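Okay, here's what each chain looks like letter by letter:
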Amino acid sequence: APSAVLGMIVYLFYWTYAFVFSGLYINVDDVIWPFQVFCYILPMRWTVPAFVYLLLIDTPYYKGASTCDVNSSRCLDTGFFCPEHPSGYFCFGETGKQILDSVGVTYPVISSSKDILSINLSVLICIILVCKCYFVLLMYPVKELLTQAIRSSQLSSRRTTGVKNWQHSSDNESVKSVNRQ
């Protein structure tokens, strides 16, 4: 029989796998093949890049970074520099696109490409449809079993109620006959 503890354990494992195999912690190409399936079927892999893109792409200009000419000596090869951090280690960019591209160097699932949004949302819709179909196919037999169980319990309760009424009426008659004597 299903239990709440087992459900909580499955839930924790699901979210742990979703975070680990989302492409942020381990690159998808570095995951061995049997586990690489989780990278493609768990929705976190497709949701996080879409959320990060929507969050950062249209943000206002950030202070601390300046656009520059790539050919200058102070400029990073990305087209911006940070005067406070000339090494570029803590410098991610001035615009949302620059920030997404800088973060994408470390986390390959993050990108400033507009295609990433449409691809990720398409894959998420497909995952939702597959899960919904699976749920319907799985629940149809359960619905039939529940319907049969409810019908049989209603029939047995009618039989039991009839027996109780008969016993109750016969008990009343015996009490009446005792009172008459």
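Look up: the structure comes first, before these words.
Residues numbered from 1 in each chain as written. Predicted model: local features only at pLDDT ≥ 70, side-chain atom pairs only at ≥ 80, totals over all residues. Heavy atoms only, no water.

**Overview of the state of the cysteines**
Overall, the coordinates contain one disulfide when judged by the stated rule. Between the sulfur atoms of cysteine 82 and its disulfide partner cysteine 91 the distance amounts to 1.8 Å. Between cysteine 82 and cysteine 91 the sulfur-sulfur dihedral comes to about 75°; the bridge is accordingly right-handed. The same class applies to cysteine 82 and to cysteine 91, which are both buried. As a non-bridged cysteine, cysteine 131 has cysteine 133 as the owner of its nearest cysteine sulfur, 9.5 Å distant. (Disulfide = S-S within 2.5 Å. Buried < 20%, exposed > 50% of the residue type's maximum accessible area, 1.4 Å probe, protein only.)

**Concerning the packing of helix H3 (residues 44-56) against helix H4 (residues 96-106)**
Direction vectors running N to C along H3 and H4 enclose 150°, while the axes themselves pass 9 Å from each other. Residues Val52, Tyr53 and Leu56 of H3 pack against Gly96, Ile99 and Leu100 of H4. Residues that form the contact of H3 with H4 fall into these classes: five nonpolar, one polar and no charged. (Axes fitted to C-alpha atoms, helices over the stretch in contact; angles between N-to-C directions. Helix = DSSP H or I, 4+ residues; strand = E, 2+ residues; numbered from the N terminus. Contact = heavy atoms within 4.5 Å. Nonpolar A, V, L, I, M, F, W, Y, C, P; charged D, E, K, R; others polar.)

By themselves, these are just geometric observations and shouldn't be taken as functional.
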